[in-house]
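Fold and geometry: a report
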Amino acid sequence: NVTAQTASIEFKDVSFKYINGKPIFNNLSFSIPPGKKIGIVGGSGSGKSTMVRLLFRFFEPQSGQISIAGQNIKDLDLTSLRRAIAIVPQDCVLFHDTIFHNLHYGDLSRPHQDVYTASKMAELHNSVVTWPKGYETQVGERGLKLSGGEKQRVAIARAILKDSPIIVFDEATSSLDSITESAILQALKAATVGRTSICIAHRLSTVADADEILVLENGGITDRGTHADL
Ligand code: ATP
Ligand code: MG
């Protein structure tokens, strides 16, 4: 069982390429101690989201190993692995339903109050209450009525509700205005407290508070250190 106290993450000599694709990682290695935050920056196509897919076992590396809490993720059952990790994806999938149900996710045992608390922590609540129907607003097909920044805050609220020992944030590519960006940063800070976290960002400043930052380029890490080092 992976807990906040044990949730280290290690990539050891991981090499990966998609079928018929160019190599994405060549012997990629890094580790994150339990409760620490790592920032990942790198150009579009450098493999940042691929790293998340490998961690969640959507794909398997051709060589090397990925461990969580010292256990190779290949040896964990998929349910426990995915229960241990909350992913805030670049592109959050929403249901054609109310914003409340999109956050609540149909877990009948979950107190409704938790949804509002998570929504506040994710800096979403203040936007939702300005909408005429508030939490009863239909988000429309695939979240059509929400902005990119709002959708990403929905995903952060869901990750807060999941309460897993590990959280992975994959920053949306859509350009955000500075108010939205600072709301997301604030939300992210609340969501990562006490968890092992991987924050993928487009700019170094977004991950300034990370314990370590990795710069990804051309199949590997080209630079690493704290924000002050880089
Ligand atoms: P961005 O900043 O734009 O989100 P990224 O660093 O997250 O970029 P990835 O999505 O990890 O990049 O993709 C890395 C490379 O792998 C890209 O060249 C992409 O085209 C390719 N790629 C991604 N998914 C697949 C797939 N399923 N099959 C083949 N190639 C893929
Ligand atoms: Mg990506």
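All of the points below concern the structure found in this document. (Residues numbered from 1 in each chain as written. Chains lettered and ligands numbered in written order. Predicted model: local features only at pLDDT ≥ 70, side-chain atom pairs only at ≥ 80, totals over all residues. Heavy atoms only, no water.)

In terms of regular secondary structure, the protein is built from seven helices and ten strands. On the principal axes, the C-alpha backbone points of the protein span a range of 50 × 35 × 35 Å. Burial status across the protein gives 48% buried among its 230 residues. The contacts in the protein between residues at least 6 apart in sequence include a share of 70% that link residues at least 24 apart. When the accessible surface of the protein is split by element, carbon and sulfur atoms take 51% of a total near 11,300 Å². Side chains of the protein carry 24 positive and 24 negative charges; the gap between the two charge centres is 3 Å. (Helix = DSSP H or I, 4+ residues; strand = E, 2+ residues; numbered from the N terminus. Buried < 20%, exposed > 50% of the residue type's maximum accessible area, 1.4 Å probe, protein only. Contact = heavy atoms within 4.5 Å. Areas by Shrake-Rupley, 256 points an atom, 1.4 Å probe, with all protein chains shown as cover. Lys, Arg positive; Asp, Glu negative; His and termini not counted. Charge placed at Lys NZ, Arg CZ, Asp CG, Glu CD.)

In this section: the packing of helix H4 (residues 112-121) against helix H6 (residues 148-162). Where H4 contacts H6, the axes come no closer than 8 Å and their chain directions differ by 125°. Between H4 and H6, the angle is such that the two are oblique. Along this stretch, H4 crosses H6, giving a crossing that reads as right-handed. Along its contact with H4, which presents Asp114, Val115, Ala118, Ser119 and Met121, the element H6 presents Ala157, Ile160 and Leu161. Of the residues belonging to the contact of H4 with H6, the class tally is six nonpolar, one polar and one charged. (Axes fitted to C-alpha atoms, helices over the stretch in contact; angles between N-to-C directions. Parallel < 35°, antiparallel > 145°, perpendicular 65-115°, else oblique. Left-handed = near helix turned anticlockwise from the far one by under 90°. Nonpolar A, V, L, I, M, F, W, Y, C, P; charged D, E, K, R; others polar.)

Turning to the pairing of strand S2 (residues 23-32), a few remarks are in order. Both strand S1 (residues 9-17) and S2 contribute to a ladder of six bridges, which runs antiparallel. Each bridged residue has a counterpart across the sheet, and for Lys17 the counterpart in S2 is Pro23. Connecting the antiparallel pair S1 and S2 is a turn made up of five residues, with Asn20 showing a positive phi of about 65°. (Pairing = 2+ DSSP bridges.)

This part takes up the sheet that holds strand S5 (residues 71-72). Read from one edge of the open sheet, four strands run S2-S1-S4-S5, paired in antiparallel fashion. Strands with a single pairing partner mark the edges of an open sheet, and in this sheet they are S2 and S5. Judged from the two bridges that link them, strand S4 (residues 63-68) and S5 form a sheet pairing that is antiparallel. Among the inter-strand pairings, Ser67 is bridged to a residue of S5, identified as Asn72.

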